[in-house]
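Analysis of the macromolecular model
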Amino acid sequence: MEGSFLNLRHRVDSGFYLFCFPFLETTRMTRAWIGYYICFCKAAPFVSGLVYSHKFAEYVVVSVLITYFTDTWKEDNLLKAVAIVNVQEGLSTTMVIVMTYISEAHISRLKVIICSTAAYITGLVLLYLSALKLIIQSTEVGLFYMIIVLIAVGKAGGQPILEGYLVDQLRNHEPNPEINEDRVEARRKFWWSIACLSAYVSPWIFFGASWPRKFIYSASLMGAAGLLFLCAIPFYHHSERTGSNLTNVFLVFKAALLKRHLDYPSTHDKFHMNDEVLSPHRFIKQNGHQLYLAPQVKFFRWLDKAAIKESSSLSVKEQESEGRLFTVTQVKEIKLLLTMVPMWSTFIGFGLVLSTANTFFTEQGNDMEETVSIYILLLVRYIFRGTMSYLYNLSFSRKIPKAQQNLRQIFRIWIGMVLSVFCCSVAWRVEVRRLKIVYKSDLVDKPKDTIPMSNLWLAPQFFLLGLMEGFAIDGLVEFFSNHVSESMVGYGSAINDCVIGIGSFLNGLCVYTFRGWFADTINHSRLDQYYRMLVVVAFINLCYYWWISITIYSKAQ
């Protein structure tokens, strides 16, 4: 009897376990996911709060700044508004690399973040005062450039430097002595995503708000986040400055120029190895006897001379201390970075398309029927960029050989380039329709009247804009990481932003060159002609990219 009871109890326990097993396993996996992705270190919430305030100001104010100028100036002048916005975009992206260098070589990341945030807040406050007509009249365009420079400095000290600072805090929270870099990056993405998503959702409460309210709320929010960030300084890990690897770029060029008279050696011992392992893959023999350092970079082969030891009274250590001699590895790191130059050249044209979209897409919808807020259309762009990038990375998450990674990244960027052509084409056709309605409704000389055309017509071009960014720009970051040395990987975002930012200055130059298409208002302008020209430019850039990828990168290992 007792045995039957025990057997029955065993069956009940087994059935209960089988019933609860899925729930127990789900709980275990959830706890493992939380432990891997979420780090509750003291510093992370304060850094993420500052990221949130930066993204909020960028989303609410900076992304639609051109509409502020065309809305508030007594005499609309589209060319001046475009010039100011392009200067801000160009400076904020090209200054990123400068701010990164300063934060590593001269002052700490913390000080750069504090100073750039203060500049951002000052710029927003000055915009608020200008909206109230307290400091700047509508005709004083020159003073707006000062405000734009402050905002550009604030943006430049934002994403790359804040990302690096957040990584420093999360890395310090890792158990010593081993640091799981993949886990640190996963946790960085979690905190960064939380801040960005919060910034994209919260501005909905300001739909229809006046410009002064947008400016002062953004400044107040950033000020509050900045104060909390300062209060949390005791929680932060302050890493010692070890100098910037970007310094070596300039010093290697300088050393190679100083030794430009030297001949290329025929033996390995003429190069400065510094106890490095001699590998045949480091050298390439040409002309029968001359040795060159790998990789081969067209037009920059002379950089090898920075690693050639001079036959002089100076010892090797003295040549190093005077900046006249670098190791083979140091020169190789610079040459690997320069292999990105052809790829970067294809993104100048891409940056032109991107800058045009940032400048004119919101202005197109400024006088259209507001079926949805312009911030919803911007949200469509950001969501599709993030979603597409996430899904693409998820689909190709397994490890593959480097050569296959290279081809996959080339194809990913190619998709982004193709989408840039479609984005320009759609924007062109939408603008043609918009202008037809303007002329048909006799609204050419009535820039403040609403055009009887829903701004939902702009949704496809914002959708394509987000997709092309998700494929091309995020693909470029991945491509950069796969082609440069490990010491340079951290500069990918800063350098890539700098290259793409050249497109903003190029956009301003193109608008000035084709100023016959532009008048004081967008209704008097022929933006459709400019978009049609961009379709041609984007297609030529696509063909150029395809040629570059086939002739230079398709066989890279």
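The structure this text deals with has already been given above.
What comes next is a walk through the structure. Since the structure is predicted, the reported quantities are computational estimates derived from the model, not experimental observations. Numbers given to residues run from 1 along each chain, matching the order in which its sequence is written. Confidence filtering applies because this is a predicted model: local features only for residues at pLDDT of at least 70, side-chain atom pairs given and counted only at 80 or more, and all residues used for totals across whole chains, interfaces and linings. Note that the side-chain values use all heavy atoms of the structure and ignore hydrogens as well as water.

**What about the overall build of the protein chain?**
Here is the rule we go by: Strands here are runs of E lasting at least two residues and helices are runs of H or I lasting at least four, both read from the DSSP assignment and numbered beginning at the N terminus. Buried, partly exposed and exposed residues are distinguished by accessible area as a fraction of the type maximum, computed with a 1.4 Å probe on protein chains only: under 20%, between the cut-offs, and over 50%, respectively. Contacts were defined at the residue level, with two residues in contact if any of their heavy atoms lie within 4.5 Å. Working definition of accessibility: Shrake-Rupley area with a 1.4 Å probe, residue cover restricted to the visible protein chains.
Scanning the protein chain from terminus to terminus reveals 18 helices and four strands. The burial tally for the protein chain puts 50% of its 557 residues in the buried class. Restricting the contact set of the protein chain to residue pairs at least 6 apart, pairs at least 24 apart contribute 82%. In the form shown here, the protein chain has an accessible surface area of approximately 27,100 Å², with 63% of it arising from carbon and sulfur atoms.

**Some words on the environment of Ser311**
Within the secondary structure layout, Ser311 lies in the loop between strand E2 (290-293) and helix H11 (316-321). Under the relative-accessibility criterion, Ser311 is labelled exposed at 79%. Each C-alpha atom, one on Ser311 and one on Lys270, is 9.5 Å from the other, the two residues being 41 residues apart in sequence.

**Some thoughts on the packing of helix H13 (residues 341-364) against helix H17 (residues 492-513)**
Note the following rule: Angles run from 0 to 180 degrees between N-to-C directions of axes, and those axes are lines fitted to C-alpha atoms, restricted for helices to the stretch in contact. When an angle is under 35 degrees it counts as roughly parallel; over 145 it counts as roughly antiparallel; between 65 and 115 it counts as roughly perpendicular; any other value is oblique. By the definition used in this description, the sense in which the near helix is turned from the far one sets the handedness, with an anticlockwise turn below a right angle giving left-handed and a clockwise turn giving right-handed. We call Asp, Glu, Lys and Arg charged. Ala, Val, Leu, Ile, Met, Phe, Trp, Tyr, Cys and Pro are nonpolar, and the rest, Gly among them, are polar.
Remark: H13 packs on H17, axes separated minimally by 7 Å, with the N-to-C direction vectors making an angle of 60°. Judged by the angle between their axes, H13 and H17 are oblique. H17 is crossed by H13, and the crossing has right-handed handedness. Two secondary-structure elements touch here, H13 through Trp344, Phe347, Ile348, Gly351, Leu352, Leu354, Ser355, Thr356, Thr359 and Phe360 and H17 through Ile495, Asn496, Val499, Ile500, Ile502, Gly503, Ser504, Leu506, Asn507, Cys510 and Val511. Classifying every residue of the contact of H13 with H17 gives 13 nonpolar, eight polar and no charged.

**Focus on helix H3 (residues 65-72)**
Given 3.6 residues to a turn, an α-helix orients residues that are three or four positions apart in the same direction. Burial analysis of H3 places six of its eight residues in the buried class, the great majority of the element. Taken together, the buried positions of H3 are occupied by Leu65, Ile66, Thr67, Tyr68, Phe69 and Thr70.

**Considerations on the packing of aromatic side chains**
Applied cut-off: Aromatic rings from Phe, Tyr and Trp, taking only the six-membered ring of Trp, are treated as a pair when their centres fall within 6.5 Å; an angle between ring planes under 30 degrees marks them as stacked, one over 60 as edge-to-face, and anything in between as tilted. The criterion is that NZ of a Lys, or CZ of an Arg, lies within 6 Å of the ring centre and within 35 degrees of the ring normal, and then a charge sits over that ring.
What the rule picks out here adds up to 27 aromatic pairs. Look at Phe46 and Phe235: their rings are 6.1 Å apart centre to centre, the planes differ by 40°, and that puts the pair in the tilted class. Of this pair, Phe46 sits in helix H2 (residues 43-60) while Phe235 sits in the loop between helix H9 (211-231) and helix H10 (246-258), and the two are 189 residues apart along the sequence. The partly exposed category is assigned to Phe46, whose relative accessible area is 27%. We classify Phe235 as partly exposed; its relative accessible area is 42%. Ring geometry for Tyr52 and Phe56: centres 6.1 Å apart, planes at 50°, overall tilted. With a gap of four residues between them, Tyr52 and Phe56 both fall in helix H2, about one helical turn apart. Each residue in the set Tyr68, Phe69, Phe144, Trp211 and Phe215 is aromatic and connected to the rest through ring pairs, giving one cluster. The residue whose ring lies beneath Lys214 is Trp211, and the NZ or CZ to ring-centre distance is 4.5 Å.

**Digging into unusual backbone geometry**
With a phi angle near 55°, Asp442 is a residue other than glycine that sits in the positive phi range. Inspection of the secondary structure assignment puts Asp442 in the loop between helix H15 (402-440) and strand E4 (451-454). On the basis of relative accessibility, which here comes to 55%, the residue Asp442 falls in the exposed class.

**Some points on the pattern of salt bridges**
Short version of the rule: Just to be clear on terms, a salt bridge is a Lys or Arg side-chain nitrogen sitting within 4 Å of an Asp or Glu carboxyl oxygen.
Following the criterion strictly, the structure yields 14 salt bridges and no others. Note that Arg434 is salt-bridged to Glu431, the shortest N-O span being 2.9 Å. Taken together, the residues span about one helical turn, with Arg434 and Glu431 both in helix H15 at a distance of three residues. Here Arg434 and Glu431 have matching classes, each one buried. Notably, a salt bridge pairs Arg526 with Asp528, separated by 2.8 Å at the nearest N-O pair. For Arg526, a relative accessible area of 33% gives the class partly exposed. We classify Asp528 as buried; its relative accessible area is 7%. Salt bridges linked by common partners bring Glu104, Arg109, Asp168 and Arg171 together as one network.

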